[in-house]
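Secondary and tertiary structure notes
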Amino acid sequence: MTAAWRGFGFDKGDGYSELRLGFIGFAVVKGTLWQEHKDLQIRAKQMNQLNDQLIKVLNKHGLYLKG
């Protein structure tokens, strides 16, 4: 965890509002934005698992990815 001075202010964007008080910020997000975030996390985990499986298949056939 890192501390960063964020100043004082108020931001409003698509689906969120944020109040910044120096090092502390408070955000309020719409339910759909938070749900989209959670859905994307699940999808990313699934894609990482598929990627790992595909790399294993490549390795099984003697192909190695440089990374």
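For clarity, every value in this text was computed on a predicted model and none was experimentally measured.

Time to look at the side chain of R20. Structurally, R20 can be placed in strand 2 (residues 16-21). The contact partners of R20, leaving out residues within four places of it in the chain, are R6, G7, F8, G9, F10, D11 and G25.

Where strand 1 (residues 8-13) lies against strand 2, six bridges are found, and the strand directions are antiparallel. Looking across to strand 2, one finds that G9 is bridged to R20. When strand 2 meets strand 3 (residues 24-29), the two strands line up antiparallel, connected through six bridges. Considered in strand 3, the bridge of L19 is made with F26. Here strand 2 hands over to strand 3 after two residues, with G22 in that stretch at a positive phi of 75 degrees.

Calculation rules
Residues numbered from 1 in each chain as written. Predicted model: local features only at pLDDT ≥ 70, side-chain atom pairs only at ≥ 80, totals over all residues. Heavy atoms only, no water. Helix = DSSP H or I, 4+ residues; strand = E, 2+ residues; numbered from the N terminus. Contact = heavy atoms within 4.5 Å. Pairing = 2+ DSSP bridges.

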